[in-house]
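An overview of the molecular structure
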Amino acid sequence: MTHKRARKCRICKTPSSKYKCPKCYAPYCSITCCHTHRDVCKPAPPQEYVKMKFEPLQQDVATLNEILEIETDSPDFVAPAKLAKLKDDEEIRKLLAEDALVEMIQTLNRSQDKSETIATFMNNELFLKFSNCCLKNVDSEFYNPEDVSNVS
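Residues numbered from 1 in each chain as written. Predicted model: local features only at pLDDT ≥ 70, side-chain atom pairs only at ≥ 80, totals over all residues. Heavy atoms only, no water.

All told, the structure shown has 5 salt bridges when counted by the stated rule. Its salt-bridge partner being E91, residue K136 comes within 3.6 Å of it at the nearest N-O pair. Taken together, the residues span a long stretch of sequence, with K136 in helix α8 (residues 125-138) and E91 in helix α5 (residues 90-96) at a distance of 45 residues. Relative accessible area serves as the criterion here: at 32%, K136 is assigned to the partly exposed category. A residue is classified by how much of its surface remains accessible, and E91, at 28% relative accessible area, is partly exposed. Note that R110 and E103 form a salt bridge whose closest N and O atoms lie 3.5 Å from each other. Classification of E103 by relative accessible area gives partly exposed; the value is 40%. The structure contains a network of salt bridges with shared partners spanning D89, E91, K129 and K136. (Salt bridge = Lys/Arg side-chain N within 4 Å of Asp/Glu carboxyl O. Helix = DSSP H or I, 4+ residues; strand = E, 2+ residues; numbered from the N terminus. Buried < 20%, exposed > 50% of the residue type's maximum accessible area, 1.4 Å probe, protein only.)

And the structure:
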């Protein structure tokens, strides 16, 4: 069960881009676009800033999207209301109590090639169950209840 969503290059608007800026995560498609982007790159804000800015999310999502320059038309975008469902999911909470899952997530965060790391972890029953629980909350189109029920 793999699906890859195409991301539009932020510079030239080409429908698919293979790369992301390591500082701000903006998608781009070529070295030319990389050089163009590098001159205007605005690095992702520090975690404290993001946390502080996301607390009043329900009040003014549109303004926050502008402040943080979130691409709501990106296929990688998940609406804040859907993300909020993750923290309330009891099954996700139980899975995150597993040290092995926490270690996999930390490894994924440090990984240079996240797609390859995810592909490897999808062979792990615990990670597969976790990813399906997340999909159930944020992207039910790709949620496969059989994947969850087949995992003990």
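This is not the end of the story, as more comes after the structure.
Turning our attention to α8. In a regular helix each residue adds 1.5 Å, so 14 residues correspond to 20 Å; α8 covers 20 Å between its end C-alpha atoms and thus fits that length. Along α8, the residues that are buried comprise F127, L128, K129, F130, S131, N132, C133, C134, L135, N137 and V138. The opening residue of α8, the one whose side-chain oxygen lies 2.8 Å from the backbone nitrogen of L126, is N124. (Expected span 1.5 Å × (residues − 1). Polar contact = N/O pair within 3.5 Å; in protein donor to acceptor, adjacent residues only side chain to side chain.)

Look at helix α4 (residues 80-88) against α8: their axes get within 8 Å of each other, and the N-to-C directions meet at 135°. Relative to α8, the element α4 lies oblique. Note that α4 runs across α8; the crossing there is right-handed. Residues K82, L83, K85 and L86 of α4 form the contact with α8, whose participating residues are C134, N137 and V138. Class assignment of the residues belonging to the contact of α4 with α8 gives a composition of 4 nonpolar, 1 polar and 2 charged. (Axes fitted to C-alpha atoms, helices over the stretch in contact; angles between N-to-C directions. Parallel < 35°, antiparallel > 145°, perpendicular 65-115°, else oblique. Left-handed = near helix turned anticlockwise from the far one by under 90°. Contact = heavy atoms within 4.5 Å. Nonpolar A, V, L, I, M, F, W, Y, C, P; charged D, E, K, R; others polar.)

What follows deals with the nonpolar core. If you look at the biggest cluster of nonpolar residues, it comprises 12 residues: I92, L95, L101, M104, L108, F121, M122, F127, L128, F130, C133 and C134. Of all elements in the fold, only α5, α6 (99-110) and α8 reach the threshold of two or more residues within this core. Within the second largest apolar cluster, 8 residues are counted, among which are C9, C21, Y28 and C41. (Core = buried A, V, L, I, M, F, W, Y, C linked by side-chain atoms within 4.5 Å.)

Our next topic: the packing of α6 against α8. Orientation of α6 relative to α8, taken along the N-to-C sense of each, is 75°, at an axis distance of 10 Å. Classed by the angle they form, the pair α6 and α8 counts as roughly perpendicular. When α6 is examined against α8, the residues A100, L101, M104, I105 and L108 are found in contact with a partner set consisting of L126, F127 and F130. By residue class, the composition of the contact of α6 with α8 is 8 nonpolar, no polar and no charged.

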